[in-house]
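# What the coordinates show
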Amino acid sequence: MTKIALLTSGGDAPGMNAAIRAIVHSCQHHQYECIGFFHGYNGLLNDKWQTLIHQDVSNVLQFGGTLLKSARCPAMCTPDGPKQAANTLRKHQIDALIVIGGDGSFHGLEAIKAHWQGQVIGLPGTIDNDLAGSDNTIGFATAVTTATHAIDKIRDTANAFERVFIVEVMGRHSGHIAFNVGLATGAEAILSFENCDPTNTAPQLAQLIAQIQIQKQHNHESFVIVLAENLWPGGPEALKTQLAEQAGIDSAVCVLGHIQRGGSPAPEDRLLATELGLAAVNAVASHRDQVMIGKQGNQIQEVPLSYAISAAKPVDGRWVEAHSDILTEYLIKHRE
Ligand code: ATP
């Protein structure tokens, strides 16, 4: 009987449970045995696992997090880690390993592959949406929805106090969340890797100050800056200090943080996770190896893991342009 191992790795993302559920159901359909390893790659190194059947995945798809738990596993980046993981897979006579995670997790899959003959399949599970080969990753839609609702609430208090707010959103080193959320909330400013050079923030700071001052002259109620994490040197607190020191602008800081990773997955993520989970088991049945299963232009696609890891996945240029156009039009209108 074909035996599939499954684990979730790296930052958890809403929809991982839906993907696990789909994989377990599909394994039962194909009459494959499915076992889940716990705590990311740690489960392979510590041999912590359980067999997964229908009952284990009932009533889970509506919850964020992951029933298999997730974790970082630094030992995988040492020469012995992947060898040990491969030994565990051999010990259990596993035919295929499916990992739901981000690019780091896919590096782990490739490292294991160097010591193991079985099939390795990746599913894109990260809120950051930074994996090439899939238009969206599992968890991204929920993170955008959560951050949008949070900023809508911040907007209420910002309006009431006529305040400038700096809201930091997640995304690691890409601006998918920043641009989607910034546009969805009508943020007055979006500062992200795509439109701001972290080694030379002076032009952005000057533009931001000018924009806030123009807005204040026209009695607008509030001003929301969506800031991508890991962008601004010193983070949002440093930006707040610079606004105060260079232009006397008072602002409030809100770091949305881990609430973006949690919560009930949005329907888009449940559906994407279900489709990709089913396709992952089909890929095992079709003897595919070292591929990531993604969805592009409404089609399920397989791309080499190496491509998913190394190819750039830029923010859609239309979003960056749309924000820039809105800003330019606003400045022209209010300078008249
Ligand atoms: P996210 O970006 O959403 O947090 P991720 O999968 O990129 O997800 P990482 O922390 O980068 O998260 O990686 C998850 C795990 O993958 C690491 O803790 C480690 O066990 C393994 N891993 C990462 N990079 C490598 C590598 N170069 N070689 C082997 N294993 C790796």
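Up top you'll find the structure we're talking about.
Let us look at the structure shown here.

Cut-offs and rules
Residues numbered from 1 in each chain as written. Predicted model: local features only at pLDDT ≥ 70, side-chain atom pairs only at ≥ 80, totals over all residues. Heavy atoms only, no water. Helix = DSSP H or I, 4+ residues; strand = E, 2+ residues; numbered from the N terminus. Rg over C-alpha atoms; globule rule 2.2 N^0.38 Å. Buried < 20%, exposed > 50% of the residue type's maximum accessible area, 1.4 Å probe, protein only. Near = heavy atom within 4 Å. Polar contact = N/O pair within 3.5 Å; in protein donor to acceptor, adjacent residues only side chain to side chain. Areas by Shrake-Rupley, 256 points an atom, 1.4 Å probe, with all protein chains shown as cover. Nonpolar A, V, L, I, M, F, W, Y, C, P; charged D, E, K, R; others polar. Pairing = 2+ DSSP bridges. Axes fitted to C-alpha atoms, helices over the stretch in contact; angles between N-to-C directions. Contact = heavy atoms within 4.5 Å. Parallel < 35°, antiparallel > 145°, perpendicular 65-115°, else oblique. Left-handed = near helix turned anticlockwise from the far one by under 90°. Salt bridge = Lys/Arg side-chain N within 4 Å of Asp/Glu carboxyl O. Core = buried A, V, L, I, M, F, W, Y, C linked by side-chain atoms within 4.5 Å. Domains from an automatic or database assignment.

### Here we look at the overall build of the protein chain
For the protein chain, the count of helices and strands is eleven helices and eleven strands. Computed over the C-alpha atoms, the radius of gyration of the protein chain is 22 Å, within 12% of the 20 Å expected from 2.2 N^0.38 for a compact globule of 336 residues. Each principal axis of the C-alpha distribution contributes one length, and for the protein chain these read about 75 × 40 × 30 Å. Of all 336 residues assigned to the protein chain, the portion counted as buried reaches 53%.

### Re the site of the ligand
Neighbouring the ligand are 17 residues; R72, C73, G104, S105 and T126 lie closest to it. The side chain of R72 places a nitrogen or oxygen atom 2.7 Å from an oxygen atom of the ligand. Protein chains shield 83% of the accessible area of the ligand, which is 620 Å² for the free molecule. Looking at side-chain class alone, the shell around the ligand contains four nonpolar, nine polar and four charged residues.

### Some thoughts on the sheet that holds strand β6 (residues 164–169)
Across the sheet, which stays open at both edges, the four strands sit in the order β7-β8-β6-β9 with parallel pairing between neighbours. Every other strand in the sheet has two partners, leaving β7 (189–191) and β9 (251–255) as the edge strands with one partner each. The mean inter-strand angle of the sheet, taken between neighbouring strand axes irrespective of direction, is 20°. As paired elements, β6 and strand β8 (residues 223–228) share six bridges and run parallel to each other. Bridging from a neighbouring strand, I166 pairs with I225 of β8. Its contacts with the sheet place helix α5 (residues 140–161) against β6, β8 and β9, and it is angled at close to 165° to β6. This element, helix α7 (residues 202–217), spans β6, β7 and β8 of the sheet and lies at about 160° to β8.

### Concerning the sheet that holds strand β5 (residues 119–124)
Taken together, seven strands build an open sheet; the order of strands is β3-β2-β1-β4-β5-β10-β11 and the sheet is mixed. Edge strands, defined here as strands with exactly one partner in the open sheet, are β3 (49–51) and β11 (299–304). Neighbour-to-neighbour, the strand axes of this sheet turn through a mean angle of 25°, independent of strand direction. Sheet topology places strand β4 (residues 96–101) next to β5; six bridges connect them, and they run parallel.

### Topic: the environment of L327
Assignment of secondary structure puts L327 in helix α11 (residues 317–335). Note: C-alpha distance between L327 and A189 (138 residues apart in sequence) is 7.9 Å. What L327 contacts, discounting residues up to four positions off in sequence, is E188, Q207 and Q211.

### A closer look at the packing of α5 against helix α6 (residues 176–184)
Running from N to C, α5 and α6 point in directions that differ by 45°, and their axes come no closer than 9 Å. As judged from the angle between their axes, α5 and α6 are oblique. With respect to the hand of their crossing, α5 and α6 are arranged in right-handed fashion. Counting all contacts with α5, which are made through F140, A143, V144, A147, T148 and I151, the residues of α6 involved are H176, I177, N180, V181 and A184.

### Details of the pattern of salt bridges
Where charged atoms from two side chains of opposite charge come close, those side chains can pair. Per the counting criterion, the structure on display carries eight salt bridges. Residues D250 and R163 are paired through a salt bridge, measuring 3.8 Å at the closest nitrogen-oxygen approach. Highlighted residues: D250 in the loop between α8 (235–247) and β9 and R163 in the loop between α5 and β6, separated in sequence by 87 residues. Between D316 and R318 there is a salt bridge; the shortest N-O distance is 2.5 Å. On the accessibility criterion, R318 (59% relative accessible area) is exposed.

### Some points on the packing of helix α1 (residues 16–30) against helix α9 (residues 267–285)
For any two helices packed against each other, one specifies the inter-axial angle together with the distance between the axes. Two elements in contact, α1 and α9, have axes whose closest approach is 7 Å; the angle formed by their N-to-C orientations is 35°. Crossing hand, α1 versus α9: right-handed. Contacts from A18, A19, A22, I23, S26, C27 and H30 of α1 reach α9 at R270, A273, T274, G277, L278, V281, N282 and A285. For the contact of α1 with α9, the residue count by class is nine nonpolar, five polar and one charged.

### Remarks on the environment of G277
Considering the arrangement of structural elements, one finds G277 in helix α9. Overall, the relative accessible area of 0% leaves G277 in the buried class. When near neighbours in sequence (up to four residues on either side) are disregarded, G277 contacts A19, A22, I23 and L123.

### Considerations on the environment of G43
Considering the arrangement of structural elements, one finds G43 in helix α2 (residues 42–46). Considered as a pair, G43 and T8 are 35 residues apart in the sequence and their alpha carbons are 10.0 Å apart. For G43, the residues in contact, after removing those within four places along its chain, are F37, F38 and K48.

### Re the nonpolar core
Among the nonpolar cores identified, the biggest contains 76 residues, and I98, I225 and L243 are the most heavily contacted of them. Here this core spans two domains, since at least three of its residues come from each of domain 1 (3–139 + 265–310) and domain 2 (140–261). Contacts of I98, omitting those with residues within four sequence positions, involve I4, A5, L6, L7, I23, I121, L123, A280, V281 and V284. In this structure, A5, I35, L109 and I112 belong to the second largest nonpolar core, which totals 26 residues.

None of this, on its own, says anything about what the molecule does.
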